Amino acid sequence: MVEAVFPNPFRTDGSWFKGNLHTHSIYSDGVLGPYQLSFLYRASGYDFLFLTDHNVLVDVSGEAKRFEDFLLLPGEEINTGRSEVGTSYHLVALNITEEIKPDMDPQSVIDKTKRQGGEVIIAHPYWSSLTVNDISKLNGYLGIEIYNTTCQFSIGKGYSTTHWDDLLVRGIKTLGFAVDDAHWHFNPYRPVDACYAWVMVKAEELSVDSIMESLRSGLFYSSNGPQILDMEVNEDSVHVKTSPVRSITFIANSSMGRRFTSLNGPLREAEYTMTGRETYIRVEVEDYTGRMAWSNPIILEE
Ligand SMILES: [Zn+2]
Ligand SMILES: [Zn+2]
């Protein structure tokens, strides 16, 4: 008997909160201060923002109280270790209280973050040239960045969804996060790398504990454009409803899965019937401007 394991944010009580989990400020190589970042993200419809400067933990406690309806949360991006090809890992540590030094190996950074009650997301695997071996030897991280705006706008390496599938097909349960990694760098060939991607989190309330709990549980989906409106997971089918899109894709292990592409007019829903051989299924949708949204994986266990 196969059981579908999916913390379904669309069938969980609470409210939706829009957030960005990866942001740089003047305290590393960003150009805006914490207040300006909060102001601009709030004005763009976001509810929360993690400040994750390079190798420094910025005290956001003062700024965090500026807006009653917006959360500014602490984090740090730690450059550490060596990948198979000699590059360093970038690890985004969310909600930590003590600065983590970059002179540790990736596993120690993850362990130290978890001991502080935080969570680690492995940043931009494609941009970092991380391989699936580099990632799969680590334990205890929450997930990977599957989309990173600044990596896309700067060198076209924003999408790490192949890394995600390579982990999932190995049975490694990994959540996928779309983030901006905003620095507010731009030029005529590079749009602003902020307020472009996000996670939609279903949480009880807009508080650090509630947001962290929902992220940890996988009660969110990622997007840089379209909306996923509902997912219904049954014994042998998955039904999804979305904002108007060009394609809805059910991605699964090896050659399983199916893509539905609209030939006349937009799609708003699609259903996938399982063959019984899927080990995971995730939903990916693309709108008419090429923007995308991603569900977290439904894991199918014996
Ligand atoms: Zn980075
Ligand atoms: Zn970064």
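About the cut-offs
- Residues numbered from 1 in each chain as written.
- Chains lettered and ligands numbered in written order.
- Predicted model: local features only at pLDDT ≥ 70, side-chain atom pairs only at ≥ 80, totals over all residues.
- Heavy atoms only, no water.
- Helix = DSSP H or I, 4+ residues; strand = E, 2+ residues; numbered from the N terminus.
- Rg over C-alpha atoms; globule rule 2.2 N^0.38 Å.
- Buried < 20%, exposed > 50% of the residue type's maximum accessible area, 1.4 Å probe, protein only.
- Contact = heavy atoms within 4.5 Å.
- Areas by Shrake-Rupley, 256 points an atom, 1.4 Å probe, with all protein chains shown as cover.
- Lys, Arg positive; Asp, Glu negative; His and termini not counted.
- Charge placed at Lys NZ, Arg CZ, Asp CG, Glu CD.
- Donors = N, O, S within 2.8 Å, 3.2 Å for Na, K, Ca; no water.
- Phe/Tyr/Trp six-rings, centres within 6.5 Å; stacked < 30°, edge-to-face > 60°.
- Pairing = 2+ DSSP bridges.
- Axes fitted to C-alpha atoms, helices over the stretch in contact; angles between N-to-C directions.
- Tetrahedral: all angles 85-135°; square planar, octahedral: opposite > 155°, others 65-115°.
- Domains from an automatic or database assignment.
- Buried area = accessible area lost by both parts, 1.4 Å probe.
- Salt bridge = Lys/Arg side-chain N within 4 Å of Asp/Glu carboxyl O.
- Polar contact = N/O pair within 3.5 Å; in protein donor to acceptor, adjacent residues only side chain to side chain.

Could you clarify how one ought to interpret the overall build of the protein in this entry?
For the protein, the count of helices and strands is seven helices and 18 strands. Relative to the globule expectation of 19 Å for 302 residues, the C-alpha radius of gyration of the protein, 18 Å, shows essentially globular dimensions. Its C-alpha atoms put the protein at 50 × 40 × 40 Å along the principal axes. Within the protein, the proportion of its 302 residues that are buried is 56%. Taking contacts inside the protein between residues at least 6 apart in sequence as the whole, the part at least 24 apart equals 62%. With the model as given, the accessible surface of the protein reaches about 12900 Å², and the carbon-plus-sulfur share is 48%. Between the centroid of the 25 positive side chains of the protein and the centroid of its 41 negative side chains there is a distance of 4 Å.

Sorry, what's going on with helix α7 (residues 208-217) here?
Note: α-helices contain 3.6 residues per turn, so residues at a spacing of three or four share the same orientation. Here α7 has its buried residues at Ser210, Ile211, Met212, Ser214 and Leu215. Gly218 sits one or two residues past α7 and shows a positive phi near 80°.

How should the coordination of the zinc ion (ligand 1) be read in this particular structure?
For a metal with four tetrahedral donors the ideal donor-metal-donor angle is 109.5 degrees, whereas six octahedral donors ideally subtend 90 or 180 degrees. Every protein donor of the zinc ion (ligand 1) is accounted for by Glu77 (OE), His90 (ND1) and His124 (NE2), and the metal-donor separations fall at 2.1 Å. Judged by relative accessible area, His90 falls into the buried class, the value being 9%.

Sorry, what's going on with the packing of aromatic side chains here?
Two measures describe an aromatic ring pair: the distance that separates the ring centres and the angle between the ring planes. As enumerated under the stated definition, the model contains 18 aromatic pairs in all. With centroids separated by 4.8 Å and ring planes inclined at 75°, the aromatic side chains of Phe153 and Tyr196 adopt a geometry described as edge-to-face. Here Phe153, found in helix α5 (residues 149-155), pairs with Tyr196, found in the loop between β8 (175-179) and β9 (198-203); they are 43 residues apart in sequence, far enough to count as distant. A residue is classified by how much of its surface remains accessible, and Phe153, at 16% relative accessible area, is buried. The class for Tyr196 is buried, based on a relative accessible area of 18%. Following the ring pairs from residue to residue traces out a cluster consisting of Tyr147, Phe153, Tyr159, Tyr196 and Trp294.

Would you explain the sheet that holds strand β12 (residues 237-245) in this entry?
Working definition: the strands of a sheet are paired by backbone hydrogen bonds and lie parallel or antiparallel to each other. One open sheet accounts for three strands, arranged β11-β12-β15; its pairing is antiparallel. Every interior strand has two partners, whereas the edge strands, β11 (228-233) and β15 (267-273), have only one. Here the strands of the sheet are splayed against their neighbours by 15° on average, with no regard to which way each runs. The sheet contact formed by β12 and β15 spans six bridges and is antiparallel. Across the sheet, Ser237 pairs through a bridge with Thr273, a residue of β15.

Just checking my understanding: could you explain helix α6 (residues 161-169) for this structure?
Residues of α6 that are buried: Thr161, His163, Trp164, Asp165, Leu167 and Leu168. Of the residues flanking the end of α6, it is Gly171, one or two places downstream, whose phi is positive at about 80°.

Any chance you could explain the coordination of the zinc ion (ligand 2) here in plain terms?
Protein coordination at the zinc ion (ligand 2) comes from His22 (NE2), His24 (NE2), Glu77 (OE) and Asp181 (OD), with a distance range of 2.0 to 2.1 Å. Considering all four donor atoms around the zinc ion (ligand 2), angles at the metal cover 78 to 167° and the coordination shape is irregular. Between the zinc ion (ligand 2) and the zinc ion (ligand 1), both coordinated by Glu77, there is a metal-metal distance of 3.6 Å. Take His22 and His24: they sit in the same class, and that class is buried.

Hey, could you run me through unusual backbone geometry in this one?
Phi is mostly negative for residues that are not glycine, and the peptide bonds are mostly trans. In this structure, Asn55 is a non-glycine residue whose phi angle is positive, near 55°. By secondary structure assignment, the location of Asn55 is in the loop between β3 (48-51) and β4 (71-80). A residue is classified by how much of its surface remains accessible, and Asn55, at 26% relative accessible area, is partly exposed. Look at Asp181: it is not a glycine, yet its phi comes out positive at around 55°.

How should the domain arrangement of the protein be read in this particular structure?
How large an interface is tends to be reported as the accessible area lost when its parts come together. What the domain assignment lists for the protein is domain 1 (12-224) and domain 2 (225-302). Listed by partner, the interface residues are 21 residues for domain 1 and 20 residues for domain 2. Taking both sides of the interface into account, the surface hidden between domain 1 and domain 2 amounts to around 1600 Å²; carbon and sulfur atoms contribute 53%. Taken together, domain 1 and domain 2 are joined by two salt bridges. The salt bridge partner of Asp165 is Arg282, with a shortest N-O separation of 2.8 Å. Run the count over domain 1 and domain 2 and you get 13 residue pairs in polar contact (both at pLDDT 80 or more).

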